Amino acid sequence: MDSELSELKKPIHFFKIIVTQSLHQEKLMIPRKFVKKYGEYLPKAICLKTPNGADWKISIVKNDGNKWFEKGWKEFADYHSLSHGHLLVFKYETTSHFEVRIFDKSALEIKYPEVNNDEDCRVSQKRKAYSSFEIGTTSRVKKDKGKQGNTALERAEEFKTCNPSFVVVMGASYVGGRFLLFIPSMFGKAHFDMNKEKGYIYFQVLDHGLVWPAKYSTCRRCNGGIMFEVTSGWKEFSMDNSLKVGDVCKFELILRTNMTFHVHIFRNTNEVNADCSTTSANGIIVL
């Protein structure tokens, strides 16, 4: 036992070759020999860290004596476009973190999607105009005139992004109950693939590289309009980031190929009353 613990202090590597079957199973088996030696130290959830600094939460399940990367693995595989013949090298250093490098069929390491550097972004913000899909200048959110200082919504309005963005004021249905999230129709039609009725969407937060995968779907209203709804994954993001009624999120599209958003969170320090229900085409949603 002591020798095994001392080994854990040193990096341990193993590799996996992706095959079509594992993609269909939507999970990846951890090598049996690794599990036999170190499986008892593995928690039920780990983080996969890629060279671009992103962290992916993956659950580990046990089945018939084997252990698998399961919940979160399909989203990881889809995001990195894994296919038959890709090779992944895992580096294990602690009981909850794995570093992973991905090599394509040519044996070259892939180019990882960039995690947006917000310091670079902020330098150009003062010289950058709002995109046509950002928020307008008015809102039906009620404000307490007795409060001094900017509200969360005002701070979000003043925050310029380097990429297309939209704003959502958190109402009760966004941060509790069914945890609904709707994307403005104008933004969705401009930036989403309108040939797809559903797909994956990814959220990141400023100052760390965690990635929250979610699913979205589109549906047509009886009046001919189109709704873009995040159907799963938003609850985890909302709870992990302790979103409250009145908080404001500004969603900045940083990677269109994988529909990845940086979410800028503005806390409700001035008690904005978000108890109304309205949607505006200019990008503000209050629910």
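Residues numbered from 1 in each chain as written. Predicted model: local features only at pLDDT ≥ 70, side-chain atom pairs only at ≥ 80, totals over all residues. Heavy atoms only, no water.

### What to know about the nonpolar core
Okay, step 1: Membership of the largest hydrophobic core comes to 35 residues, with the highest contact counts inside it found for Leu 48, Trp 73 and Phe 76.
Okay, step 2: Of the residues forming this core, the biggest block, four residues, is contributed by helix H4 (residues 73-79).
Okay, step 3: Apart from the residues lying within four places of it in its own chain, the contact partners of Phe 76 are Leu 48, Thr 50, Trp 56, Ile 58, Leu 82, Leu 88, Val 100 and Ile 102.
Okay, step 4: Core analysis: the next-biggest nonpolar cluster, separate from the first, contains 31 residues, Phe 179, Phe 187, Ala 214 and Phe 228 among them. (Core = buried A, V, L, I, M, F, W, Y, C linked by side-chain atoms within 4.5 Å. Buried < 20%, exposed > 50% of the residue type's maximum accessible area, 1.4 Å probe, protein only. Helix = DSSP H or I, 4+ residues; strand = E, 2+ residues; numbered from the N terminus. Contact = heavy atoms within 4.5 Å.)

### Quick look at unusual backbone geometry
Okay, step 1: For Ser 242, which is not glycine, the phi torsion reads 50° and is therefore positive.
Okay, step 2: Residue placement: Ser 242 occurs in the loop between helix H9 (234-240) and strand E13 (248-255).
Okay, step 3: For Ser 242, a relative accessible area of 42% corresponds to the partly exposed category.
Okay, step 4: At Met 259, a position not held by glycine, the phi torsion is positive, near 50°.
Okay, step 5: Secondary-structure assignment places Met 259 in the loop between E13 and strand E14 (260-266).
Okay, step 6: We classify Met 259 as buried; its relative accessible area is 8%.

### Overview of the pattern of salt bridges
Okay, step 1: In this structure the tally under the stated criterion is five salt bridges.
Okay, step 2: Ionic pairing is found between Asp 55 and Lys 49, a salt bridge with its closest N-O pair at 3.7 Å.
Okay, step 3: Relative accessible area serves as the criterion here: at 32%, Lys 49 is assigned to the partly exposed category.
Okay, step 4: Residue Lys 57 is joined to Asp 240 by a salt bridge in which the shortest nitrogen-to-oxygen separation is 2.8 Å. On the criterion of sequence distance, the pair formed by Lys 57 in strand E4 (residues 55-63) and Asp 240 in helix H9 is long-range, its members being 183 residues apart. (Salt bridge = Lys/Arg side-chain N within 4 Å of Asp/Glu carboxyl O.)

### Let's talk about the pairing of E13
Remark: a regular strand shows side chains that alternate across the two faces of the sheet.
Okay, step 1: Within E13, eight of the eight residues are buried, which leaves the element mostly enclosed by the surrounding structure.
Okay, step 2: In the sheet, strand E8 (residues 165-169) pairs with E13 via five bridges, with the strands oriented antiparallel. For Val 169, the partnering residue across the bridge sits in E13 and is Val 248.
Okay, step 3: Bridge count for E13 against E14 is seven bridges, and the pairing is antiparallel. Bridging across to E14, Glu 252 finds its partner in His 262.
Okay, step 4: Hairpin geometry of E13 and E14 is characterised by an intervening segment of four residues between the two adjacent antiparallel strands and by a positive phi of about 50° at Met 259. (Pairing = 2+ DSSP bridges.)

### A word on the side chain of Asp 247
Okay, step 1: The topology assignment puts Asp 247 in the loop between H9 and E13.
Okay, step 2: Residue class for Asp 247 comes out buried when judged on its relative accessible area of 3%.
Okay, step 3: Here the side chain of Asp 247 touches Lys 244 through a polar contact of 2.8 Å, landing on its backbone nitrogen.
Okay, step 4: Dropping the residues within four chain positions of it, Asp 247 is found in contact with Val 168, Val 169, Met 170, Ser 242, Phe 266, Arg 267 and Asn 268. (Polar contact = N/O pair within 3.5 Å; in protein donor to acceptor, adjacent residues only side chain to side chain.)

### Quick look at the pairing of strand E3 (residues 45-49)
Okay, step 1: The sheet contact formed by E3 and E4 spans five bridges and is antiparallel. Counted as the bridge partner of Lys 49 is Asp 55 from E4.
Okay, step 2: With antiparallel pairing between neighbouring strands as the criterion, E3 and E4 make up a hairpin whose turn holds five residues, including Gly 53 at a positive phi of roughly 95°.
Okay, step 3: Alignment of E3 against strand E7 (residues 97-103), held across three bridges, turns out to be parallel. In the strand pairing of E7, Lys 49 is matched with Glu 99.

### A look at the side chain of Glu 75
Okay, step 1: Position of Glu 75 among the secondary structure elements: in helix H4.
Okay, step 2: Of the buried charged residues, Glu 75 lacks a salt bridge, with Lys 215 as the closest side chain of opposite charge at 5.6 Å. (Lys, Arg positive; Asp, Glu negative; His and termini not counted.)

### Digging into the packing of aromatic side chains
Okay, step 1: Throughout the structure, instances matching the rule amount to 32 aromatic pairs.
Okay, step 2: Both rings, one in Phe 14 and one in Phe 98, keep their centres 6.1 Å apart while their planes meet at 75°; by these two values the pair is edge-to-face. With Phe 14 in strand E1 (residues 12-17) and Phe 98 in strand E7, this pair connects stretches of sequence that are 84 residues apart. The pair Phe 14 / Phe 98 is uniform in exposure class, with both members buried.
Okay, step 3: Taking the ring centre of Trp 68 as reference, the NZ or CZ of Lys 27 above it sits at 4.3 Å. (Phe/Tyr/Trp six-rings, centres within 6.5 Å; stacked < 30°, edge-to-face > 60°. Lys NZ or Arg CZ within 6 Å of the ring centre and 35° of its normal.)

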